[in-house]
Amino acid sequence: MGEALETSHEARRRASPNPWVGCVVVDPDGRIVGRGATEAPAPNGSGRHAEAVALDEAGDLARGATAYVTLEPCSHQGRTPPCAEHLVRVGVKRVVVATLDPDQNVSGGGIGLLQSAGVETVLGVGAEAVEEYLAPYLVHRRTGRPLVILKLAGTLDGRLAAPDGSSRWITGPAAREDVHELRADSDAVLVGAGTVRADDPELTVRLDGVSGEIRQPLRVVLGRAPSDAKVKPALEISGDLRGVLDDLGRRGILQLLVEGGAHVAGEFHRLGLVDLYVFYVAPALLGGDDGLALFAGPGAPTMTEAWRGRIAKVTQLGADLRIDVEPSVEDDSRGRGLSIVDH
């Protein structure tokens with residue numbers, strides 16, 4: 001299953017809105033005879049699922065073999081034929097699955113189809129690691145909304161801009177490169193119209209040393225962007241943030257990266273809509289109370305009402321720190337209880 005999860009990594013930035021699944025086929029002697037990861041969706045249906053890729057590679061060696069799959073094989077006709085039927089047809093003897101697919105078209109149907117055909121099934125192997133890696137897909141299928149990552153960059157004393165509004169560059173090159181990795185993993189990037197007017201960001205993915213075409217996320221602006229803004233073309237949207245997330249979910253957005261500004265960050269936070277906070281902290285001090293705070297708007301009135309989460313990971317990026325913070329189970333108002341690994 002570890003090999004299947006590792007194989008799925010190559011599909012992370014191409015498979016969405018499908019899940020990035022990995023599969024390995026192992027013959028009775030313990031040899032891996034086929035590997036596969038989800039291909040990019042194609043209008044003509046040619047984008048194969050991980051199982052199909054692995055089985056095609058294994059050929060006749062799939063008969064009597066064991067398939068290890070990170071997500072329950074599909075049991076319905078979509079862009080491609082059902083993977084569970086494919087596994088049965090080629091004679092796979094045993095299928096080991098990390099986690100069930102919550103999609104209403106599957107949701108146990110794949111396991112049921114395999115079992116009814118006499119294929120031995122094992123469920124739950126490596127589930128924790130796989131569910132963490134597939135968190136955006138699982139959240140989307142369970143809630144209809146994307147997994148929301150709120151990214152904030154600030155000084156050691158909690159300021160995202162100086163009193164004059166200047167904020168470039170708080171963090172160094174390594175942290176900025178990491179933000180582009182986060183964008184590359186995301187289906188959409190969202191900012192407020194105020195940030196667009198103040199900073200005129202492009203919000204594109206720019207990665208050094210990456211060959212080939214890079215999939216660019218959908219750029220989303222809360223409000224109206226100036227006609228000549230660099231962020232355009234963009235989806236300009238307004239209204240209640242819950243409705244915004246519902247809209248993006250219907251568009252197939254699995255992971256949304258919220259990049260600001262302070263008012264947008266404050267609203268997402270106060271409404272309990274954030275699944276993962278990513279703080280980039282620079283060893284810099286503005287040294288006063290007149291800089292712009294990370295969150296705008298009213299905060300907790302007393303310490304007893306302070307929001308408390310869990311520090312999931314701390315990463316050194318040059319001189320800066322990246323601190324990943326998850327909502328605690330008690331404070332997770334959407335009841336998701338899912339974390340996400342980075343790239």
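The preceding data block contains the structure.
Residues numbered from 1 in each chain as written. Predicted model: local features only at pLDDT ≥ 70, side-chain atom pairs only at ≥ 80, totals over all residues. Heavy atoms only, no water.

Undergrad: Tell me what's going on with the state of the cysteines, and back it up with residues and numbers.
TA: All told, the structure shown has zero disulfides when counted by the stated rule. Note on Cys 74: no disulfide assigned, nearest cysteine sulfur contributed by Cys 83 at a separation of 3.7 Å. (Disulfide = S-S within 2.5 Å.)

Undergrad: So what about helix H7 (residues 173–185)? Which residues, and what values?
TA: Given a rise of 1.5 Å per residue, 13 residues ought to cover 18 Å, and the 19 Å separating the end C-alpha atoms of H7 matches this to within 8%. Where the residues of H7 are buried, they touch strand E6 (147–155), strand E8 (188–192), strand E11 (255–260), strand E12 (276–282), strand E14 (309–317) and strand E15 (320–327). (Helix = DSSP H or I, 4+ residues; strand = E, 2+ residues; numbered from the N terminus. Expected span 1.5 Å × (residues − 1). Contact = heavy atoms within 4.5 Å.)

Undergrad: Outline helix H9 (residues 241–250), listing residues and values.
TA: If you check which residues of H9 are buried, you get Leu 241, Val 244, Leu 245, Asp 247, Leu 248 and Gly 249. Measuring from the backbone nitrogen of Arg 242 back to the side-chain oxygen at the start of H9 gives 2.9 Å, which picks out Asp 240 as the cap. (Buried < 20%, exposed > 50% of the residue type's maximum accessible area, 1.4 Å probe, protein only. Polar contact = N/O pair within 3.5 Å; in protein donor to acceptor, adjacent residues only side chain to side chain.)

Undergrad: Please give an account of the sheet that holds strand E5 (residues 120–123) that cites residues and values.
TA: One open sheet holds the five strands; their spatial order is E2-E1-E3-E4-E5, and the pairing between them is mixed. Only two strands of the sheet have a single neighbouring strand rather than two, namely strand E2 (32–37) and E5. Between one strand axis and the next, the sheet turns by 15 degrees as a mean value, whatever way the strands run. Pairing of strand E4 (residues 94–99) with E5, which is carried by four bridges, proceeds in the parallel orientation. Bridge assignment links Val 96 to a residue of E5, and that residue is Val 122. (Pairing = 2+ DSSP bridges. Axes fitted to C-alpha atoms, helices over the stretch in contact; angles between N-to-C directions.)

Such coordinate-based values are descriptive only and should not be taken to indicate function.
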